[in-house]
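The chain contents come next:
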Amino acid sequence: MCRVITAPMDVVLSSTEKPKPDILFISKDRLDIITENNIQGAPDLIVEILSPSTAIYDRTEKSRIYYKYGVKEYWIVDPYIKCVEIFVPGETNWNLYQAFNTLQKRI
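Residues numbered from 1 in each chain as written. Predicted model: local features only at pLDDT ≥ 70, side-chain atom pairs only at ≥ 80, totals over all residues. Heavy atoms only, no water.

Side note on the overall build of the chain
The cut-off we apply is this: A helix here means a DSSP run of H or I that spans at least four residues, while a strand means a run of E at least two residues long, and both kinds are numbered starting from the N terminus. Every radius of gyration here is taken over C-alpha atoms, with the globule rule written as 2.2 Å times N^0.38, N being the number of residues. Relative accessibility thresholds used throughout: buried, under 20% of the residue-type maximum; exposed, over 50%; partly exposed, between the two (1.4 Å probe, protein chains only). Contact criterion: two residues are considered in contact whenever any of their non-hydrogen atoms come within 4.5 Å of each other. Surface exposure here means Shrake-Rupley accessible area, sampled with a 1.4 Å probe, where a residue is shielded only by the protein chains that are shown. By the counting rule applied here, Lys and Arg register as positive and Asp and Glu as negative, while His and the ends of each chain are not counted. In this description, the location of a charge corresponds to atom NZ of lysine, CZ of arginine, CG of aspartate or CD of glutamate.
Of the regular secondary structure elements, the chain holds 1 helix and 8 strands. Ordered by position in the sequence, the α and β elements of the chain form the string β-β-β-β-β-α-β-β-β. The globule rule puts the C-alpha radius of gyration for 107 residues at 13 Å, and the 14 Å found for the chain is close to it. Projecting the C-alpha coordinates of the chain onto the three principal axes gives extents of approximately 35 × 30 × 30 Å. For the chain, buried positions account for 38% of its 107 residues. Partitioning the contacts of the chain with sequence separation of at least 6, the portion at a separation of at least 24 is 42%. When the accessible area of the chain is evaluated, it comes to approximately 6700 Å², of which 55% is carbon and sulfur surface. The average position of the 13 basic charges and that of the 14 acidic charges among the side chains of the chain differ by 3 Å.

Below you can see the structure in the form of structure tokens.
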């Protein structure tokens, strides 16, 4: 069985980088990274829901951290423009895989 976990939950990627994603997913093969207090390592999927106070940080710094530590998929949900962007790792940064608006139409 896999696990979906919602905030607040620390994801310990290094001694200094411990982001708190809005939503994270861990596959059944990696459930051992879940501890009582935090997640020890990169989740398979991280979802960040943008707000005016976090949008820039989520799109830049958190995005960089997640890529650096091997998150396999990163979704950014923008409730203001009603869009979901799905990113997958590329050679040196995230690649936009798909984007959807609330009408479930691919952008």
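Now, onward.
Digging into the sheet that holds strand β7 (residues 83-89)
What counts, and what does not: One requirement defines pairing of two strands: DSSP has to find at least two bridges between them. To get an axis, fit a line to the C-alpha atoms, keeping to the stretch in contact for a helix; angles then go from 0 to 180 degrees between the N-to-C directions.
The strand order across the open sheet formed by 6 strands is β1-β3-β5-β6-β7-β8, and the pairing between neighbours is mixed. With one partner strand each, in any of the chains shown, β1 (3-6) and β8 (94-101) form the two edges of the open sheet. In this sheet, adjacent strand axes meet at a mean angle of 15 degrees when their direction is disregarded. Inspection of the sheet shows strand β6 (residues 73-78) paired to β7 by 5 bridges, in the antiparallel sense. Following the sheet pairing, isoleucine 76 is matched in β7 by glutamate 85. Running at roughly 165 degrees to β6, helix α1 (residues 55-68) makes contact with β5 (45-49), β6, β7 and β8 of the sheet.

Overview of the nonpolar core
Defined as follows: By nonpolar core we mean a set of buried residues, namely Ala, Val, Leu, Ile, Met, Phe, Trp, Tyr and Cys, connected to one another through side-chain atoms within 4.5 Å.
Counting residues in each nonpolar core, the largest one holds 18 residues, and the members touching the most others are Leu24, Ile39, Tyr66 and Tyr74. Among the elements of the structure, β3 (23-26), α1 and β6 are those that each provide at least two residues to this core.

By themselves, these are just geometric observations and shouldn't be taken as functional.
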